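Remarks on the overall topology
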Amino acid sequence: MNHYKITFIHGNQFENKGLSDGLIENYGIYDEDSLHIVNLAEYANKRFPEYSIFKQLTVRHQPEVAAYFLTQLGIIVFLNMTKYDEKNLQAYGKMGTFLFPDELTEKQVESLKEFAKTISDYDVSINYDLFIDNGILDSKMIQSTNHESPLELVNIYLNRKKNKQGPNLS
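Predicted model only: the values in this text are computed from it and were never measured. (Residues numbered from 1 in each chain as written. Predicted model: local features only at pLDDT ≥ 70, side-chain atom pairs only at ≥ 80, totals over all residues. Heavy atoms only, no water.)

Notes on helix 2 (residues 63-71)
Where helix 2 is concerned, the buried positions are Pro63, Ala66, Ala67, Tyr68, Leu70 and Thr71. Looking at the packing, one finds that the buried side of helix 2 touches strand 1 (4-9), helix 1 (36-47), strand 3 (76-80), strand 4 (94-99), strand 5 (122-133) and strand 6 (136-143). (Buried < 20%, exposed > 50% of the residue type's maximum accessible area, 1.4 Å probe, protein only. Helix = DSSP H or I, 4+ residues; strand = E, 2+ residues; numbered from the N terminus. Contact = heavy atoms within 4.5 Å.)

As for the pattern of salt bridges
Under the defined criterion, the tally for this structure stands at six salt bridges. Two residues, Asp129 and Lys140, come together in a salt bridge whose shortest N-O distance is 3.2 Å. A residue pair is termed long-range when its members are at least 10 positions apart, and Asp129 in strand 5 and Lys140 in strand 6 qualify at 11 residues. Classification of Asp129 as partly exposed rests on a relative accessible area of 23%. Classification of Lys140 by relative accessible area gives partly exposed; the value is 46%. (Salt bridge = Lys/Arg side-chain N within 4 Å of Asp/Glu carboxyl O.)

Some remarks on the nonpolar core
In this structure, Phe8, Leu40, Phe48, Leu70 and Val77 are the most contacted members of the largest nonpolar core, which totals 23 residues. Listed by contribution, the elements that provide at least two residues to this core are strand 1, helix 1, helix 2 and strand 3. Excluding residues within four positions of it along the chain, Phe48 makes contact with Phe14, Lys17, Leu19, Tyr43, Phe54, Leu70, Leu73 and Ile75. Formed by 19 residues, the second largest nonpolar core is a distinct cluster that contains Ile9, Val124, Leu153 and Leu158. (Core = buried A, V, L, I, M, F, W, Y, C linked by side-chain atoms within 4.5 Å.)

What to know about the packing of helix 4 (residues 106-118) against helix 5 (residues 150-163)
Packing of helix 4 against helix 5 leaves a shortest axis separation of 8 Å and a crossing angle of 150°. Considering the angle they form, helix 4 stands roughly antiparallel to helix 5. Residues Val109, Leu112, Lys113, Ala116 and Lys117 of helix 4 form the contact with helix 5, whose participating residues are Pro150, Leu151, Val154, Asn155 and Leu158. In terms of residue class, the contact of helix 4 with helix 5 is made up of seven nonpolar, one polar and two charged. (Axes fitted to C-alpha atoms, helices over the stretch in contact; angles between N-to-C directions. Parallel < 35°, antiparallel > 145°, perpendicular 65-115°, else oblique. Nonpolar A, V, L, I, M, F, W, Y, C, P; charged D, E, K, R; others polar.)

Right, dumping it as structure tokens:
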């Protein structure tokens, strides 16, 4: 993952396009000087030209907005947010953000767990139940509070979804 900016884990919606259920696809070479949003828009327009929303994306959009639209197609998106220069890497370590669609297939879950094991040295957050409110992307979030691994956070998410409950803060 260290060489890529983005990882997609596909569901079963686009098997007719060769995107098999559970397929893990890396995109955006980290050494290339391009923004996450540029890579996301390029990928979405290449893979899903039939969806006009992707043609409207510009470099001014936050990458999470483009990722949100991909989650609406049933795709898990992982954004590698690591800054690989020595100073930042030493100070903050490797970081990333997952954005999840509302439903995951069994094969997606299997691939997600396998992928999470490969990024065990990352500090990640999971954004789920995504929605746009007054033009702003919002979500529920799970992030490490006790140095949980990405796989442990994925399992927390899966348990919450299985039990249909989260922390009640109201």
